[in-house]
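# Structure at a glance
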Amino acid sequence: MATVDFHCHLDLYERPVEVANVAAEKGVYVLSVTTTPTAFAGTSQLAPAGSYIRTALGLHPELAAARRGELALFERLLPSTRYVGEIGLDGSNPHRETLDAQIGVLTDILSLCARAGGKIMTLHSRQSVQLVLDVLELEPLAGTAVLHWFSGSKKAVERATEAGCWFSVNSAMLRSAAGRAAVEMMPRDRVVTETDGPFGTFNGAPLYPWQASECIPALAKLWGMEAANAEGLVISNLRRLVGTSTN
Ligand code: MN
């Protein structure tokens, strides 16, 4: 396992089975996120036995208002996974108008996670960084929050770090000056890589999980170390994040 893609929508590629199989053959660690509880069962089946693909139970903020009826299914499925996501908030147009409903859904999910003893969560925070942190800070027992594609200010990175958050960073973040400034502020022992494929793209083509390693040279430069050491750090971070459990 040398490549870590801690936020990928395997079920949303044009050929999900093929992508999952190639990722498994390459030994990529993939956190395979879902956008609705209904998608969880089918998406779990994409992960070949013995692979490093783990499936997360999610309810995406862009769908949270319309699909909040699926919270009951979310609750029923929660004992079957240690991983939750994609969850979070989206304050961009046109989702801003459902923010109250999104906050309600996120609060409910975090409280279910807390009652379950804590989960490893991947969170979306587009144009809602402070709000996501407000909601997270109200439920400190929900587990470990990994902020995916986090685009907050340096101050927001500091606040998230103090709240115990981790970060998953992608190549789009590392290509932008503001993104690099944020990544530089992140504690390097709490950073893993991601693609957010197929939404994460390069030159118009969707990124595949094994391309998460394309982040490594830029991370190594920011961290002032050799690429091999940056890769090793991301892998040791992943091990600390997920522990030794094989679930
Ligand atoms: Mn995503």
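All values derive from a computational prediction rather than experimental measurement.

Rules behind the numbers
Per chain, the residues get numbers from 1 upward, laid out in the order the sequence is written. In keeping with the model being predicted, local features are shown solely for residues with a pLDDT of at least 70 and side-chain atom pairs are shown and tallied solely at 80 or more, while totals for entire chains, interfaces and linings include all residues. Side-chain calculation: all heavy atoms of the structure are included, whereas hydrogens and water are not. Each metal's donors comprise the N, O and S atoms found within 2.8 Å of it (within 3.2 Å for Na, K or Ca). Water is not part of the atom list, so some coordination spheres may appear incomplete. To qualify as a helix, a DSSP run of H or I must reach at least 4 residues; to qualify as a strand, a run of E must reach at least 2; elements of each kind are numbered from the N terminus. By the convention used here, strands pair only if DSSP detects at least 2 bridges between them. The angle between two axes is taken between their N-to-C directions and runs from 0 to 180 degrees, where each axis is a line fitted to C-alpha atoms and a helix contributes only its stretch in contact. The salt bridge definition used is simple: a Lys or Arg side-chain nitrogen within 4 Å of an Asp or Glu carboxyl oxygen. Accessibility here uses a 1.4 Å probe with only protein chains present; expressed as a share of the type maximum, an area under 20% marks a residue as buried, one over 50% as exposed, and anything in between as partly exposed. The span expected for a helix works out to 1.5 Å for each residue beyond the first.

## Some remarks on the coordination of the manganese ion
Note on the manganese ion: its protein donors are His7 (NE2), His9 (NE2), Glu86 (OE) and Asp196 (OD). The metal-donor distances range over 2.2 to 2.3 Å. Binding-site remark: the manganese ion is held by donors from one chain whose sequence spacing is H-x1-H-x76-E-x109-D. With His9 in the loop between β1 (4-8) and α1 (16-25) and Asp196 in the loop between β8 (191-193) and β9 (201-202), the pair connects residues that are 187 residues apart, well separated along the chain.

## Regarding the sheet that holds β1
Pairing is parallel in the open sheet, where three strands are placed in the order β1-β2-β3. Of all strands in the sheet, those bounded by a partner on one side alone are β1 and β3 (53-55). Averaged over all adjacent pairs, the angle separating strand axes in this sheet is 15 degrees, with direction ignored. Relative to strand β2 (residues 29-32), β1 is paired through three bridges, and the arrangement is parallel. Across the sheet, Cys8 pairs through a bridge with Ser32, a residue of β2.

## Thoughts on the pattern of salt bridges
This model, assessed by the stated rule, comprises seven salt bridges. When the shortest N-O distance is used, the salt bridge between Glu70 and Arg67 registers 2.6 Å. Of the residues examined, Glu70 reaches a relative accessible area of 13% and is grouped as buried. For Arg159, the salt bridge goes to Glu137, with nearest N and O atoms at 2.9 Å. Here Arg159, found in helix α7 (residues 154-162), pairs with Glu137, found in helix α6 (residues 129-137); they are 22 residues apart in sequence, far enough to count as distant. With a relative accessible area of 39%, Glu137 lands in the partly exposed category. Among the charged side chains, a network of salt bridges with common partners joins Glu62, Asp90 and Arg126.

## Considerations on helix α11 (residues 227-242)
When the terminal C-alpha atoms of α11 are compared, their 23 Å separation across 16 residues agrees well with the 22 Å that a helix rising 1.5 Å per residue should span. Three or more residues of α11 are buried, namely Ala230, Leu233, Val234, Ile235, Asn237, Leu238, Leu241 and Val242. Among the residues trailing α11, Gly243 stands out with phi positive, at a value near 70 degrees.

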